[in-house]
Amino acid sequence: MKFPTLLIVFGALSIPLALFAVKKAMSAPLPVGFPAPTAHNTIEVKQYPAYRAGTYTYEGNLGEATRYAFNPLFRHISSNNISMTAPVEARYPIDAIEQPIQQGKAKVSFLYNNTTINPQKTSQDVQVENHPPMLVVSLGLQGAYDYASYHGHLAKLKQWLANHPEYEIAGEPREFLYDSPYTPAPLKRREVQIPIRLR
């Protein structure tokens, strides 16, 4: 078989394998009762059930929070034989809603599949947290994960809130990151959310 033909055959075989790898990287299940990810460039109000999570608290450059948190959180679920779910949650200071901030404290969480999971092994840097049901306004996005764009997305949600005065802010803004580091950047899904309540 000639070399150009081999390249064509190799290319034809590698495309399905690459698509399979992407699908596997994007296939972690949602926690029980969680709504599906919001579509790209769409804003919607969503209700979340109570959930439990392993949480790492990070202080410093907020753009680095999820990267620093990944290893201790992965050790936490691995040592407790807890299955990976999606999304990863990052909660940022409430001050970020009013103005862009680069430094501060963030809480990054791996969410458990359900609220009955009770890890037997814990470390000082990861706490188990229980969260009550939550109403949020959410902006769905697709593309590379980038904290630099986070404040622009929050501004869109603030404008939505200005147009819907029946709601008020009820907590820290957060980001949901749905896909693994191995997912191609253009395919990565995320949501920027602000907890809300009716006035």
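Residues numbered from 1 in each chain as written. Predicted model: local features only at pLDDT ≥ 70, side-chain atom pairs only at ≥ 80, totals over all residues. Heavy atoms only, no water.

Caption draft 1: Looking closely at the overall build of the protein. In terms of helices and strands, the protein carries 3 helices and 9 strands. When the helices and strands of the protein are placed in sequence order, the string is α-β-β-α-β-β-β-β-α-β-β-β. Counting the 199 residues in the protein, one finds 41% classified as buried. In the protein, 78% of the contacts between residues at least 6 apart in sequence involve partners at least 24 apart. (Helix = DSSP H or I, 4+ residues; strand = E, 2+ residues; numbered from the N terminus. Buried < 20%, exposed > 50% of the residue type's maximum accessible area, 1.4 Å probe, protein only. Contact = heavy atoms within 4.5 Å.)

Caption draft 2: Looking closely at the pattern of salt bridges. Applying the stated criterion across every chain yields a total of 12 salt bridges. Measuring nitrogen to oxygen at the nearest pair gives 2.5 Å for the salt bridge that ties glutamate 129 to arginine 91. With glutamate 129 in strand S5 (residues 127-131) and arginine 91 in strand S3 (residues 88-91), this residue pair connects regions lying 38 residues apart in the sequence. Judged by its relative accessible area of 16%, glutamate 129 falls in the buried class. On the basis of relative accessibility, which here comes to 12%, the residue arginine 91 falls in the buried class. Among the ionic pairs, glutamate 98 bridges to lysine 158, the shortest N-O distance being 3.7 Å. Residue glutamate 98 is located in the loop between S3 and strand S4 (103-111), and its partner lysine 158 is located in helix H3 (residues 150-163); the two are separated by 60 residues in the primary sequence. Connected through salt bridges with shared partners, the residues Glu89, Arg91, Lys107, Glu129, Glu172 and Arg174 form a single ionic network. (Salt bridge = Lys/Arg side-chain N within 4 Å of Asp/Glu carboxyl O.)

Caption draft 3: Up close: helix H2 (residues 65-79). The first and last C-alpha atoms of H2 sit 22 Å apart over 15 residues, in line with the 21 Å expected at 1.5 Å per residue. Considering bend angle alone, the principal kink of H2 is centred on asparagine 71 and spans about 30°; proline proline 72 follows within four residues of it. Burial in H2 covers these residues: Ala65, Ala69, Pro72, Leu73, His76 and Ile77. Among the structural elements, strand S2 (51-61), S4 and S5 are those in contact with the buried residues of H2. Where H2 ends, the next residue or the one after it, asparagine 81, has phi of about 55°, a positive value. (Expected span 1.5 Å × (residues − 1). Bend = angle between axes of the 7 residues up to and from the residue.)

Caption draft 4: Seen up close, the nonpolar core. Formed by 33 residues in total, the largest nonpolar core has its most connected members in Leu73, Tyr92, Val108, Val137, Leu161 and Ile194. At 5 residues, the largest contribution of residues to this core is made by H3. Setting aside residues no more than four positions away along its own chain, valine 137 makes contact with Ile43, Glu44, Val45, Leu157, Trp160, Leu161, Val192, Gln193, Ile194 and Ile196. Formed by 10 residues, the second largest nonpolar core is a distinct cluster that contains Tyr51, Ala86, Met134 and Phe176. (Core = buried A, V, L, I, M, F, W, Y, C linked by side-chain atoms within 4.5 Å.)

Caption draft 5: Fine view of the pairing of strand S8 (residues 174-177). With burial as the criterion, each face of S8 is covered, one bearing Arg174 and Phe176 and the other bearing Glu175 and Leu177. As paired strands, S3 and S8 are joined by 4 bridges and run antiparallel to one another. Of the residues in S8, the one forming a bridge with arginine 91 is arginine 174. Bridging between S8 and strand S9 (residues 189-198) involves 4 bridges; their strand directions are antiparallel. Looking at the pairing, leucine 177 lines up with arginine 190 of S9. (Pairing = 2+ DSSP bridges.)

Caption draft 6: Seen up close, the environment of glycine 140. Relative to the helices and strands, glycine 140 is located in strand S6 (residues 134-142). Considered as a pair, glycine 140 and arginine 190 are 50 residues apart in the sequence and their alpha carbons are 6.1 Å apart. Among residues more than four places away in sequence, those in contact with glycine 140 are Thr38, Ala39, His40, Asn41, Thr42, Arg190 and Glu191.

Caption draft 7: Fine view of a nonpolar patch on the surface. A cluster of nonpolar side chains, Phe70, Phe74 and Met84, forms an exposed patch at the surface whose accessible area comes to about 250 Å². Summarising the element assignment, phenylalanine 74 is placed in helix H2. (Patch = residues over 30% accessible without salt bridge, like charges linked within 9 Å, V, L, I, M, F, W, Y side chains within 5 Å. Areas by Shrake-Rupley, 256 points an atom, 1.4 Å probe, with all protein chains shown as cover.)

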